[in-house]
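Architecture at a glance
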Amino acid sequence: MIRKTVVCAMSGGVDSSVSAHILKKQGFRVVGIFMKNWDTADERDECSSEKDYSDAKIACDKLKIPLHRVSFIKEYWNEVFSKFISDIGKGCMPNPDVHCNQYIKFKHLYEHAMRSFNADYFATGHYARTQRDNGTVKLLKAVDPSKDQTLFIHHISQSVLKNCIFPIGNLYKTEVKELAKTIGLHEIAEKRESMGICFIGKRKFEDFIREYLQTSPGPCIDLESGLLLGQHTGSQLYVNGQRVRLTPTRGNHDSRAWYVTRKDTSRNTLYLVSSNEHCALYGYSCMLDHIHWINRVIELPLQCDMKYLHNGPSLRCRLEYINRSPHWLINEYESTNDSSSSQHYVIVHTEIPCRLVAPGQYVALYDGDECSVVLWY
């Protein structure tokens, strides 16, 4: 019997290593592939992939499978990093992990793997599951709710998703680590997980952004009173809900904690509130103008669950179309625009108030375990 070939993306971590092991045990011909996305030659601080490649090589040698190396540095710069910097400059809150999966891993890497190795399937170490249904493929939550990554891989097209395997989607993280140890990958099992944005590395976010965007001080305004509170160091460096350390103005030495509730990047102005529980940081509705159905269009209105933060809670909500100009949050401090528009927008009503959804954030909607639709503005 001819064995099916699976190309497994290897990161040097425990998840991809165990994924390759599971695939081999299932009888597939497994080929490992490691991709490099970031060139550190001109960077003052390290974000090196050499250690990760070394660990991936150790895992593949242990599993007795080949490992190939490929570079998508130019593609990553043009399709992920440049977009990230552009979005930050516009005051948005981009997610480079989503864009890396969308444009690099499940596009360029996928196409290279399928073409170069005549592969039948493409596998990664993401915590997610799939289910075939009437000629389409559903994207399902992982068994381990704390590790579910459907929020980051929701943009995979149907043509790609039908050839994807997520071997650890039915396992808990603890089980993955224990399995790694049983096959002799103790160091990789105990390897510290990468956190944050890889190309920023150990640098402070604001220091990194200043290398690529020109920033300047601007006013911080009390949302309720309209009074000047102090100065910020650049409106692009802040996100909604973030605590702000104020540079006091003459005669104003307010020591309270302040939080960003709105940004006006055109005027380089931040609007602040004095409590992390302030009603201006919450709302019952998110209005968005982009929609991506994962495997089918579902008739609206729809009752479902929403999630827009990886470690945040799922919120019960109602999804419906509305013919209206978009605002990403509606509350008593946001005016709505009643001008007519021929374009349909989608509004999500939550049963309880939710934290601000910022421009650039993705909102994933779930029908049970199925990630059925993703929205963004």
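The structure contained in this document is the topic of the report that follows.

Parameters and conventions
- Residues numbered from 1 in each chain as written.
- Predicted model: local features only at pLDDT ≥ 70, side-chain atom pairs only at ≥ 80, totals over all residues.
- Heavy atoms only, no water.
- Patch = residues over 30% accessible without salt bridge, like charges linked within 9 Å, V, L, I, M, F, W, Y side chains within 5 Å.
- Areas by Shrake-Rupley, 256 points an atom, 1.4 Å probe, with all protein chains shown as cover.
- Salt bridge = Lys/Arg side-chain N within 4 Å of Asp/Glu carboxyl O.
- Lys, Arg positive; Asp, Glu negative; His and termini not counted.
- Charge placed at Lys NZ, Arg CZ, Asp CG, Glu CD.
- Helix = DSSP H or I, 4+ residues; strand = E, 2+ residues; numbered from the N terminus.
- Buried < 20%, exposed > 50% of the residue type's maximum accessible area, 1.4 Å probe, protein only.
- Axes fitted to C-alpha atoms, helices over the stretch in contact; angles between N-to-C directions.
- Parallel < 35°, antiparallel > 145°, perpendicular 65-115°, else oblique.
- Left-handed = near helix turned anticlockwise from the far one by under 90°.
- Contact = heavy atoms within 4.5 Å.
- Nonpolar A, V, L, I, M, F, W, Y, C, P; charged D, E, K, R; others polar.

Glancing now at a positive patch on the surface. A cluster of basic side chains, namely Arg3, Lys24, Arg29, Lys62 and Lys64, defines a positive patch on the protein surface. Mapped onto the fold, Lys62 is located in helix H2 (residues 50-63). Among the residues examined, Lys62 registers a relative accessible area of 47% and is labelled partly exposed.

Right, let's get into the packing of helix H3 (residues 73-89) against helix H4 (residues 96-116). Between H3 and H4, whose axes approach to 10 Å, the crossing angle comes to 160 degrees. Between H3 and H4, the crossing angle belongs to the class labelled roughly antiparallel. Remark: the crossing between H3 and H4 carries right-handed chirality. On H4, the residues touching Glu75, Tyr76, Glu79, Val80, Lys83, Phe84 and Asp87 of H3 are Pro96, His99, Cys100, Tyr103, Ile104, Lys107 and His108. A class-by-class count of the residues in the contact of H3 with H4 yields seven nonpolar, two polar and five charged.

Quick look at unusual backbone geometry now. Outside of glycine, negative phi angles account for most residues, and trans bonds account for most peptide bonds. Looking along the chain, the bond that leaves Leu300 and enters Pro301 is cis, with omega of 5 degrees. Checked against the element boundaries, Pro301 lands in the loop between strand S15 (290-293) and strand S16 (302-307). You will see that Lys64, though not glycine, has its phi angle at about 60 degrees, which is positive. By secondary structure assignment, the location of Lys64 is in the loop between H2 and strand S3 (67-71).

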